[in-house]
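Commentary on secondary and tertiary structure
These are the residues of each chain, in order.
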Amino acid sequence: MGALSLVDLANLTAARAQMALSLGWHIVVACFGVGFPVLALLAEWRWLRTGDEAYRVLAHRWARALAVLFAVGAVSGTILSFEFGILWPGLIGPYGGVMGLPFALEGFAFFLEAIFLGVYLYGWDRLPPRAHLASGVPVAVAGFASAWFVVTANAWMQDPTGFRLAGGRVIDVDPWAAMLNPSTPVLTTKMLLAAYMVTGYGVAAVYAWKLLRGSRDRYHTLAFVLAFTFAAAMTPAMIIAGDWAARHVADTQPAKLAAMEAVYTTQRGAPLVIGGFPVSGQVRGGVEIPRGLSLLADHDPGSVIAGLDQVPPADWPNVPVVRTAFQLMVAIGFAQLALAAWFGLAWWRRRRLPRARVFLWGALAAGPGAVLAMEAGWVVTEVGRQPWIVYQVLRTADAVTASPGIGYGLYGLIVVYAALTAGTVFALQRVAREPLPEIPAVASPDPRSVEVAR
Amino acid sequence: MTTAEVVLAIAWLAVTAYALFGGADFGAGMWDLLAGGARGGAAQRRLIEHVIGPVWEANHVWVIFVVVVLWTGFPTTFASVFSTMYLPLTAAAVGIILRGSGFAFRKVVDELPLRRLFGATFAAHP
């Protein structure tokens, strides 16, 4: 393609900013839409098992918060389906038929989710307890499925399969092969784990704050333990999935790996540099572990790591952004792992929360931390793919709309999303501040029930 | 029937379903707006909320379904139409945001001014 005109360049920047805003906003709410049903069902299931009224109150409240987040996620998701066509006709035109299948299947999953959510939210007093619990299961399953379907489409943009190009035309389209591309298993696994961690740590942070403020009753402790255990259980799996993802990127997108680790020159036995900031072709201020990167990426200390010198400068992703986001994600992930291990050890040895207040401060930070890590991981995946919208097939600049005035849409959406954020936070606060019903003491104390931390 | 005709038939059925079910909700939004004063219309507004609450989300999945069926089935047309008609479609998108979120937010508030604000955004749809 020839040089970009100024209108195209302005459109490219505005369209990318608009997608970053809409997706970055939606992804947080969508994570809760996927994870919250699981948490609410866990609480309800514990209620049916133990008869402890506190669990019923919890499930009920979490379902109220889920209703707000689901409604908001549904609208921000609808906007995205519009934006694909409005902003990226060069992607949807030629490749809509290749990557459209998972979106259509996601539509079915979303129907299932919406229908059963209606039953679950409005069925508390109309269904027998077990039937009510069962009505929530399709919500959790469909949430899992819709996240999986949508991420397969993103995986396809990283690893495009299921078509051939002949003289610039897309032929031999196989949407199933596109959906089941080699990057699908690793990316869907990471996204679903991230969704559960964002929900678990996010919800636990709210109760960590209540515990720190002195509300150390059984209800708040149970809520914290349930949400935190859920997130903590996902954390080691995420570290393992992260290792899998990094090795997969090393194989399929060497330019992205080189940007993540700021490897400018190809080398054998490449070191791992932790921290620091990439400035004009080298990392300043990092700690170097000899041969560490070769060991991590290929499980071989002598392996060759392709550097950015193998990639034409025009095809480099933005190295400082990708590298910084990657370091942030890894740092938060390991901090969460340490916190989860601390919690696990205290629970295993004494069946109680760690005594130290700093643990609760850590748990409070883990909530926003999980959101930040998830957004950083998404930046690594997406910014690291640039300048390609479909990796090594279609450039982002060639897919953007040529219609004038895209920038105004961006300004408008900034205002709309700011209002939406304020409304969502406000509505969630309202749900949180509803007075708690009287919770009777447990009739026959479960020996495994929580000992309240003091 | 060719594949294109089958896809078109599915899209047509989905649009009809959206017009029916989503349309009922749009009507509810208008009714809500015109239900009368804050005190007099309160009972009607509660009823509207109660009636459409359980089916609201499912009714609005139809529009997403239509969009993804069109883009999968007729990608070239979809891309030209959406990139050309971006002004009305952006306006529709903003309307969808205001409606869906206004409806969800209003359910959790009790104060009159806030219910008015969210009620107005719920009724607002270009």
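Residues numbered from 1 in each chain as written. Chains lettered and ligands numbered in written order. Predicted model: local features only at pLDDT ≥ 70, side-chain atom pairs only at ≥ 80, totals over all residues.

What follows covers the overall build of chain B. Broken down by element type, chain B carries five helices and zero strands. Here chain B, with 126 residues, has 37% of them falling under the buried criterion. Long-range pairs, those at least 24 residues apart, make up 67% of the contacts in chain B with a sequence separation of at least 6. (Helix = DSSP H or I, 4+ residues; strand = E, 2+ residues; numbered from the N terminus. Buried ≥ 20, exposed ≤ 12 C-beta atoms within 10 Å, placed from the backbone. Contact = placed C-beta atoms within 7 Å.)

This part is about the overall build of chain A. Assigned secondary structure in chain A consists of 13 helices and ten strands. Taken over the C-alpha trace, chain A has a radius of gyration of 24 Å; the compact-globule value for 454 residues is 22 Å, and the two agree within 12%. For the C-alpha atoms alone, the extent of chain A along its principal axes is close to 75 × 50 × 40 Å. Buried positions account for 48% of the 454 residues belonging to chain A. Taking as baseline every contact in chain A between residues at least 6 positions apart, the subset at least 24 positions apart corresponds to 76%. (Rg over C-alpha atoms; globule rule 2.2 N^0.38 Å.)

Looking now at the interface of chain A and chain B. On the side of chain B, 37 residues touch chain A, which itself brings 39 residues to the contact. Contributions of two or more residues to the side of chain A that touches chain B are made by α2 (53–87), α3 (89–122) and α13 (406–433) of chain A. Sorting elements by how many residues they give to the side of chain A that touches chain B places α3(A) first, with 17 residues.

Further remarks concern the packing of helix α4 (residues 129–158) of chain A against helix α6 (residues 184–212) of chain A. Residue and element names in this part refer to chain A. Between α4 and α6, the least distance of the axes is 9 Å, while the angle of their chain directions is 135°. Taken together, the axes of α4 and α6 lie oblique to each other. In the crossing of α4 with α6, the sense of the turn from one axis to the other is right-handed. Facing α4, whose interface residues are F144, A147, W148, V151, T152, N154 and A155, α6 presents T184, L187, T188, M191, L192 and A195. Residues that form the contact of α4 with α6 fall into these classes: nine nonpolar, four polar and no charged. (Axes fitted to C-alpha atoms, helices over the stretch in contact; angles between N-to-C directions. Parallel < 35°, antiparallel > 145°, perpendicular 65-115°, else oblique. Left-handed = near helix turned anticlockwise from the far one by under 90°. Nonpolar A, V, L, I, M, F, W, Y, C, P; charged D, E, K, R; others polar.)

Turning our attention to unusual backbone geometry. Residues and elements named next belong to chain A. For the peptide bond that leads from Q386 to P387, omega is 5°, which places it in the cis range. Within the secondary structure, P387 sits in the loop between α11 (357–383) and β9 (388–390). Positioned with a positive phi, R351 is a non-glycine residue whose angle comes to about 55°. Here R351 lies in the loop between α10 (319–350) and α11.

This part covers the confidence of the model for chain A. Averaged over every residue, the pLDDT of chain A is 87; the share at 70 or more is 95%. This stretch, residues 444–454 of chain A, has a pLDDT under 50; its non-local contacts, to residues over four places away or in other chains, come to 16 contacts. (pLDDT = per-residue confidence, 0-100.)

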